[in-house]
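Each chain is listed here by its residues.
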Amino acid sequence: MKAVPEEKKPAEQAAKKEEKTPAAKPKEKPKKKAKPAPPPLTPEQKQELAYERACNMEEWIRWAATYQDRAQLSRQAAEAFEALGAYKDCPQRREDCLSQEHTALTEERDEAFEAVEEEYRRAKSAQDYYYAAQKLERFPDLPEAKKLLGEAKKRRKVLLKRKRLFRQGIAGLIVLFCLLAAAGVRLHIPQYAAGRVFQSMGRYDHALAWYNKSGSFADAKERVTFCRYQRGEYFLDKGSYASAYQKFRETSGYLDSDEKAVASFTQLLKNAKPGSVVKFGKSGSSFSKWLVLGQTEDTVTLISEFASSAAFDPGERPWQDSELRTWLNGAFLEKYFVDYELSHLVEQQGDKVVLLSAEQAQAYDELLNGSNDEGKRIDQYKATNDGWWLADPGAGEGGQAVMLKDGTVDRYGRGRSTADVQVRAVITVSTEP
């Protein structure tokens, strides 16, 4: 018997079928047509393109953030225009770019020099001048820097010498004091000697202190005047006009003290701001205090700290006929001011000294009054309970308006014969030399 073949499996049959079926060919992508190459630029076109790039570069200069960036862009633009030769306006544009480079570098140098110059102006010690000199050497082509460099080196040398002399002087004084004390010598001699040592070193403030302690020994008084004058020169040079004025007034009649006192006096007033306090006009051994109320281009209006307590007028006469007006424009001026101060007082309605009106007092309220911790308005000059006189007549018979301690105006007023009300003089001073 013939063997019956086994029936083929379905998986095998499928595999054989796949082997007989040919694989599908992938579709080919259509080839893109190549773009034709652009025609080469002509020399004229290349030149025009380079010109446009140079112009764009020149435009970018103004957007540069720093001086260095501006200088670098200016140089690059100038080189780009230079490469184009005489094309269009390239020569002129090149010069403009070079000029902008020079301007940027100059402005950078000037700004740096101003910073160093300010550092030099603030220098006080020998070390400060040393560092300032080092920085000034970075500007060898600047005449102003050369001048300041020479001054910085000179001042450093002087300060180092003074420091050395100061140490030597202190050591010598210690020895001198010990020797004189051991010998029982009166101390005004070593005090005078100490003043001489400090004067030789240019330390006029210390010299003044020692000369003052030596009393009238030898020529101590003359040396006090000299040192005060030198201190005035120092303060005037530094712009400390209040201190300069004080020293020059104390040495009135010595050399050109009066002229420099006037210069210091006018500068002091020019720099005064409303609400600030200035000192001038002698009051005993000290200067009077004046509150600045306002100023114009060439005048300043001031009100005094309390001159005294006084009756407005025993006969109860108004301001125009009052004894207070007569005193303020007579004896008061003679007592408190010297000639050049008097010459700078500006007349107000015929008087050089007046009182504030009630309206003015209220207008200057913020300057005249302060406030305490509870926010209550108080007079910053500590007026008495009776206040201070105003120019307005009071509502009461024979009365005169006053500004009270709490900063309010009492329009009913106090009797003009009241002696406990205080006086605040008001003056206008010219700030012209």
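Scoring rules and cut-offs
- Residues numbered from 1 in each chain as written.
- Predicted model: local features only at pLDDT ≥ 70, side-chain atom pairs only at ≥ 80, totals over all residues.
- Heavy atoms only, no water.
- Helix = DSSP H or I, 4+ residues; strand = E, 2+ residues; numbered from the N terminus.
- Buried < 20%, exposed > 50% of the residue type's maximum accessible area, 1.4 Å probe, protein only.
- Contact = heavy atoms within 4.5 Å.
- Pairing = 2+ DSSP bridges.
- pLDDT = per-residue confidence, 0-100.
- Disulfide = S-S within 2.5 Å.
- Arc of directions from axis to C-beta.
- Phe/Tyr/Trp six-rings, centres within 6.5 Å; stacked < 30°, edge-to-face > 60°.
- Lys NZ or Arg CZ within 6 Å of the ring centre and 35° of its normal.
- Patch = residues over 30% accessible without salt bridge, like charges linked within 9 Å, V, L, I, M, F, W, Y side chains within 5 Å.
- Areas by Shrake-Rupley, 256 points an atom, 1.4 Å probe, with all protein chains shown as cover.
- Salt bridge = Lys/Arg side-chain N within 4 Å of Asp/Glu carboxyl O.
- Lys, Arg positive; Asp, Glu negative; His and termini not counted.
- Charge placed at Lys NZ, Arg CZ, Asp CG, Glu CD.

Engineer: Kindly report on the overall build of the chain, identifying the contributing residues and their values.
Structural biologist: Looking only at helices and strands, one finds 16 helices and 12 strands in the chain. Counting every position in the chain, which comprises 433 residues, the buried fraction comes to 35%. Of the contacts formed within the chain by residues at least 6 apart in sequence, a portion of 55% connects residues at least 24 apart.

Engineer: Outline the environment of E58, supporting the account with residue identities and numerical values.
Structural biologist: Looking at where E58 falls in the secondary structure, it is placed in helix α2 (residues 43-60). The sequence separation of E58 and R94 amounts to 36 residues, and the corresponding C-alpha distance is 9.4 Å.

Engineer: Before we move on, can you summarise the pairing of strand β2 (residues 286-295) with the specific residues and values?
Structural biologist: Buried residues dominate β2, accounting for 7 of its 10 residues. In this sheet, strand β3 (residues 299-304) lies alongside β2 in antiparallel orientation, the contact comprising 5 bridges. Bridging from a neighbouring strand, G294 pairs with T301 of β3.

Engineer: So what's going on with the confidence of the model for the chain? Residues and values would help.
Structural biologist: Summarising the model, the chain shows a mean pLDDT of 84, and 84% of its residues fall at 70 or more. Across residues 371-379, confidence stays below pLDDT 50; counting only partners more than four residues off in sequence or on other chains, it has 21 contacts.

Engineer: Residues and numbers for the state of the cysteines, please.
Structural biologist: In this structure the tally under the stated criterion is 0 disulfides. C55 provides the cysteine sulfur closest to C90, a residue in no disulfide bond, and the two sulfurs are 7.0 Å apart. The thiol of C97 is not disulfide-bonded; the next cysteine sulfur, from C55, is found 8.9 Å away.

Engineer: Quick one: what's the story with helix α5 (residues 126-136), residue by residue and with numbers?
Structural biologist: Each α-helix winds once per 3.6 residues, and so residues spaced three or four apart point in a common direction. Within the span of α5, buried status applies to A126, Y129, A132, A133 and L136. Buried positions in α5, seen along its axis, are confined to an arc of 120° and lie on one side of it.

Engineer: Tell me what's going on with the packing of aromatic side chains, and back it up with residues and numbers.
Structural biologist: Counted under the stated rule, the structure contains 23 aromatic pairs. A ring pair is formed by Y234 and F235, whose centres lie 5.5 Å apart and whose planes are at 65°; its orientation type is edge-to-face. Grouping aromatic residues by their ring pairs yields a cluster made of Y245, F265, F280, F287, W290, W327, F332, Y336, F337 and Y340. One cation-aromatic arrangement involves K213 over W210; the distance from NZ or CZ to the ring centre is 4.8 Å.

Engineer: Tell me what's going on with unusual backbone geometry, and back it up with residues and numbers.
Structural biologist: The phi dihedral of E316 is positive, around 60°, even though this residue is not glycine. Along the chain, E316 turns up in the loop between β4 (308-309) and α12 (323-328). On the accessibility criterion, E316 (38% relative accessible area) is partly exposed. Positive phi values are uncommon outside glycine, yet Q349 reaches one of about 55°. Structurally, Q349 can be placed in the loop between β5 (345-346) and α15 (358-363). Look at Q349 and you get exposed, because its relative accessible area is 81%.

Engineer: Could you give me a rundown of a positive patch on the surface, with the residues and numbers involved?
Structural biologist: A contiguous patch of positive charge, built from K124, K154, R155 and K238, is present on the exposed surface. With respect to the helices, strands and loops of the structure, K124 is situated in the loop between α4 (90-122) and α5. Among the residues examined, K124 registers a relative accessible area of 69% and is labelled exposed.

Engineer: Describe the environment of E107, and please don't skip the residues or the numbers.
Structural biologist: Relative to the helices and strands, E107 is located in helix α4. As for E107 and Y67, which are separated by 40 residues in sequence, their C-alpha atoms are 7.5 Å apart. Leave out the neighbours within four places in its chain, and E107 touches Y67 and R70.

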